[in-house]
Amino acid sequence: MIVAEQKPIAEIISIAFKHKSILVVGCGTCVTVCFAGGEKEGKTLSSLLRMKAQMEQKLLEIEELTVERQCDHEFIEKIVPLAGKVEAILSLACGAGAQLIAEKFPDKIVYPGLNTTFLGITEKQGIWKERCLGCGTCLLDKTGGICPIARCAKNLLNGPCGGSQEGKCEVNPETDCAWQLIYERLKKLGQSECLEEIIPVKDWSTSRDGGPRKVIRDDLTL
Amino acid sequence: MKTDSNLEKVLASGEFAVTAELGPPRGADPEDIHKKAKLLGDCADAINITDNQTAIVRMSSIAAGILLKQRGLDPVIQIVTRDRNRIAIQSDVLGAAAHGINNVLCLSGDHQKFGDHPTSKNVFDIDSIQLIQMLKKMRDEKKFMSGADIDVAPRLFIGAAENPFADPFEFRVIRLSKKISAGTDFIQTQAVFDVEKFEEWMKLVRKKELHKKTHILAGVIPIKSAKMAKYMKENVAGLRIPDEIVSRMEKAKDVKEEGIKICTETIERVRKIEGVQGIHIMAVAWESIVPKIVERVGLLPRPPIRKEDSNANESKNPNG
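These remarks concern the structure in this document. (Residues numbered from 1 in each chain as written. Chains lettered and ligands numbered in written order. Predicted model: local features only at pLDDT ≥ 70, side-chain atom pairs only at ≥ 80, totals over all residues. Heavy atoms only, no water.)

### Topic: the overall build of chain A
- On a plain count of helices and strands, chain A comes out with 9 helices and 7 strands.
- Relative to the globule expectation of 17 Å for 222 residues, the C-alpha radius of gyration of chain A, 22 Å, shows a markedly less compact shape.
- Dimensions of chain A along its principal axes, counting C-alpha atoms only, are 65 × 45 × 25 Å.
- Across the 222 residues in chain A, those meeting the buried criterion constitute 43%. (Helix = DSSP H or I, 4+ residues; strand = E, 2+ residues; numbered from the N terminus. Rg over C-alpha atoms; globule rule 2.2 N^0.38 Å. Buried < 20%, exposed > 50% of the residue type's maximum accessible area, 1.4 Å probe, protein only.)

This is how it looks when you write it as structure tokens:
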């Protein structure tokens, strides 16, 4: 899923206080799962803004709504009636959702309420970790199901750098060295020969380096 | 011989080689390079110039290498893949070769987190092994990585590093063998303090006969103070410093002398290990000690550096 974190509250307050009315839109998918921008977070944030406005005697109308997915035209249709009533929209979706809202409402100011951080997993309650960079050419088959592009600070494709120590990364001793994990796993799977193979230079054109990407499925388009 | 590199010549002759490291200045003063070159020139067969080591901005390694070349010395240009993509590196290598620079050491580079610009974006378009492959292709096939032809190919003596003390230990030898199949001509290792561990690694290297396929130079660092020993032990990723070294430095009356002694003892021990063909002295901010160390271990004088062809710049093949 996409993992995100709410922006610092001071930043959100200063955004909201620029307007007389604002719509807080939560998103019911990834950011709900990582407790950053779902219905609950949207409600809490709206109450907080209301309280703050009251305390400072600011005139601020707050509407709130959570849609199933802000990255889908179908679901953001539901925002239309409320959007008409406010000056600005605060999106609690990932960057993709916030952008679709901006696209949908060209005459509204749209603010991001979250910082989108990565594509990752829930390790345990309250802890999320990055696992994928969306490079467009998956090579997990060569690396024992562990991605050195997302999980090695230098995205090295041919083994650990000289800073791998006791299984940890030199950049952050709390992070596992991806290549230590790959090494152990391939050995366990009896695929050690993969370690000797030189993985050729990567074609980054399928990654962000080729410009914004687009997927077209002819079998699905209408 | 692939090139006119003095280092290649010394290694090919079977002589025990000596290389030394020179850190370029954090400024534009060429005198800093000249001063260090004067210290190192007579006691090293080639001089490594670091490439923004520990991700701290310094004078470009190629530019510093040209200054050494002008003094008739043999530079080893370090190239990290952290800061430049395949386009920039190939371009820089052509430029270096046009100035008669042959030796290139291929590294991935320290992460920018450790440097003076921790908020910068890193590149890592390719890794150090792919860099070796790319340079070999440029030299041997006269082709860029893309497959396009190079009219005058660079003549390169390709080096790489390996760290026998990092983990996973067994992978280190596999990685060395990958670097050799990628095309590395010589290897400079991370600094050896734990000679037993290094011997163990060399045993694995010999078992795979890798020492016959490349030239291995063992790295050493002379330590100046007990504080430095402790700092390196605790803070420098990839270095393995036994407690004994730290306590020897702490107990010593003349700490600098003790540091020199530890270094010369290490050199004498690694020299006896089958498959080690030279040493690489990394006297970080203590370049002045290198002549003494090389003299004490009986490795002076160095074989004379081959005289440059004075018309080299005007010849058809500028890097020849």
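### Description of the pairing of strand β4 (residues 103-107) of chain B
Residue and element names in this part refer to chain B.
- With 5 of 5 residues buried, β4 is to be regarded as a mostly interior element.
- Across the two faces of β4 the burial is the same, with Asn-103, Leu-105 and Leu-107 and Val-104 and Cys-106 all buried.
- Note that strand β3 (residues 75-80) and β4 share 5 bridges and pair parallel. Paired with Ile-79 across the two strands is Cys-106, which belongs to β4.
- Between the parallel pair β3 and β4, the chain is carried across by helix α4 (residues 86-98), and the sense of this crossover is right-handed.
- Crossover handedness for the path β4 to helix α5 (residues 128-140) to strand β5 (residues 157-162): right-handed. (Pairing = 2+ DSSP bridges. Right-handed = clockwise from strand over helix to strand, strands pointing away.)

### Observations regarding the sheet that holds strand β7 (residues 127-132) of chain A
Residues and elements named next belong to chain A.
- If you trace the 3 strands from one edge of the open sheet to the other, you get β1-β6-β7, paired in antiparallel fashion. Since the sheet does not close on itself, it has two edges, and those belong to β1 (2-6) and β7, each with one partner. Across the sheet, the mean angle separating the axes of adjacent strands is 70 degrees when strand polarity is ignored.
- Looking at chain direction, strand β6 (residues 114-124) and β7 are connected through 5 bridges and run antiparallel. Within β7, the residue paired with Lys-124 across the bridge is Ile-127. (Axes fitted to C-alpha atoms, helices over the stretch in contact; angles between N-to-C directions.)

### Examining helix α9 (residues 243-251) of chain B
All names here are of chain B.
- Buried within α9 we find Ile-245, Val-246 and Met-249. The arc enclosing the buried residues of α9, seen along the axis, measures out at 100 degrees, which places them on a common side. Turned more than 90 degrees away from the buried face of α9 sit Asp-243, Glu-244 and Lys-251, all of them exposed.
- At its buried positions, α9 is contacted by α8 (226-235) and α10 (255-271). (Arc of directions from axis to C-beta. Contact = heavy atoms within 4.5 Å.)

### A look at the packing of α5 of chain B against helix α6 (residues 169-182) of chain B
Residue and element names in this part refer to chain B.
- With their axes 8 Å apart at the nearest point, α5 and α6 run at an angle of 20 degrees to one another. One element, α5, and the other, α6, form an angle in the roughly parallel class. Both α5 and α6 take part in a crossing whose hand is right-handed. Across the interface between the two elements, Ser-128, Ile-129, Ile-132, Gln-133 and Lys-136 of α5 pack against Arg-175, Lys-178, Lys-179 and Ala-182 of α6.
- Per-class residue counts for the contact of α5 with α6 are 3 nonpolar, 2 polar and 4 charged. (Parallel < 35°, antiparallel > 145°, perpendicular 65-115°, else oblique. Left-handed = near helix turned anticlockwise from the far one by under 90°. Nonpolar A, V, L, I, M, F, W, Y, C, P; charged D, E, K, R; others polar.)

### Describing the interface of chain B and chain A
- Listed per partner, the contact involves 33 residues of chain B and 30 residues of chain A.
- Summing both sides of the interface, chain B and chain A together bury roughly 2600 Å²; the carbon and sulfur share of this comes to 52%.
- Area buried by chain B at its contact with chain A is led by Asp-167, Phe-171 and Lys-178 of chain B, which between them contribute 21% of it.
- Counting the contacts that link chain B with chain A gives 1 salt bridge.
- Between Glu-196 of chain A and Lys-208 of chain B there is a salt bridge; the shortest N-O distance is 4.0 Å.
- Seen at the junction of chain B and chain A, the total is 21 residue pairs in polar contact (both at pLDDT 80 or more).
- At the level of elements, α5 and α6 of chain B are the ones that each hand at least two residues to the side of chain B that touches chain A.
- Per element, the largest residue contribution to the side of chain B that touches chain A is 8 residues, and it comes from α6 of chain B.
- Of the residues contributing to the side of chain B that touches chain A, the split by class is 13 nonpolar, 9 polar and 11 charged. (Buried area = accessible area lost by both parts, 1.4 Å probe. Salt bridge = Lys/Arg side-chain N within 4 Å of Asp/Glu carboxyl O. Polar contact = N/O pair within 3.5 Å; in protein donor to acceptor, adjacent residues only side chain to side chain.)

### Remarks on α10 of chain B
- An ideal rise of 1.5 Å per residue puts 24 Å on 17 residues; α10 of chain B measures up with 24 Å between its terminal C-alpha atoms.
- Within the sequence span of α10 of chain B, burial applies to Glu-258, Gly-259, Ile-260, Ile-262, Cys-263, Thr-264, Thr-266, Ile-267 and Val-270 of chain B. (Expected span 1.5 Å × (residues − 1).)

### Things to note about the packing of helix α7 (residues 195-207) of chain B against α10 of chain B
All names here are of chain B.
- In the contact formed by α7 and α10, the axes pass within 11 Å of each other and the chain directions differ by 20 degrees. Judged on the interaxial angle alone, α10 and α7 are roughly parallel. Crossing of α7 over α10 shows right-handed handedness. Counting all contacts with α7, which are made through Val-195, Glu-196 and Phe-198, the residues of α10 involved are Thr-266, Arg-269 and Val-270.
- Partitioning the contact of α7 with α10 into residue classes produces 3 nonpolar, 1 polar and 2 charged.

### Digging into the packing of aromatic side chains
- Throughout the structure, instances matching the rule amount to 5 aromatic pairs over all chains.
- Here the aromatic rings of Phe-35 of chain A and Trp-128 of chain A are separated by 6.5 Å at their centres, their planes lie at 55 degrees, and the arrangement is tilted. Pair noted here: Phe-35 of chain A is in the loop between α2 (30-33) and α3 (39-55) and Trp-128 of chain A is in strand β7, with a separation of 93 residues, a long-range link.
- With a relative accessible area of 45%, Phe-35 of chain A lands in the partly exposed category.
- With relative accessibility at 22%, the residue Trp-128 of chain A sits in the partly exposed group.
- Seen from their ring centres, Tyr-183 of chain A and Phe-171 of chain B are 5.5 Å apart, and the 20 degrees between their planes marks the pair as stacked. (Phe/Tyr/Trp six-rings, centres within 6.5 Å; stacked < 30°, edge-to-face > 60°.)

### A short note on the sheet that holds strand β2 (residues 21-27) of chain A
All names here are of chain A.
- Read from one edge of the open sheet, 4 strands run β3-β2-β4-β5, paired in parallel fashion. Each of the sheet's edge strands pairs with one partner strand only, and the pair in question is β3 (61-67) and β5 (109-112). Recorded for the sheet is a direction-independent mean angle of 20 degrees between the axes of neighbouring strands.
- Alignment of strand β4 (residues 88-91) against β5, held across 4 bridges, turns out to be parallel. Paired with Ile-89 across the two strands is Val-110, which belongs to β5.

### Quick look at the pattern of salt bridges
- Under the defined criterion, the tally for this structure stands at 36 salt bridges over all chains.
- A salt bridge links Lys-154 of chain A to Glu-170 of chain A; its shortest N-O distance comes to 3.5 Å. Here Lys-154 of chain A, found in the loop between α7 (148-151) and α8 (178-188), pairs with Glu-170 of chain A, found in the loop between α7 and α8; they are 16 residues apart in sequence, far enough to count as distant.
- Here Arg-82 of chain B makes a salt bridge to Asp-83 of chain B, at a shortest N to O gap of 2.7 Å.
- By relative accessible area, which is 3% here, Arg-82 of chain B ends up buried.

These values are about where atoms sit, not about what they do.
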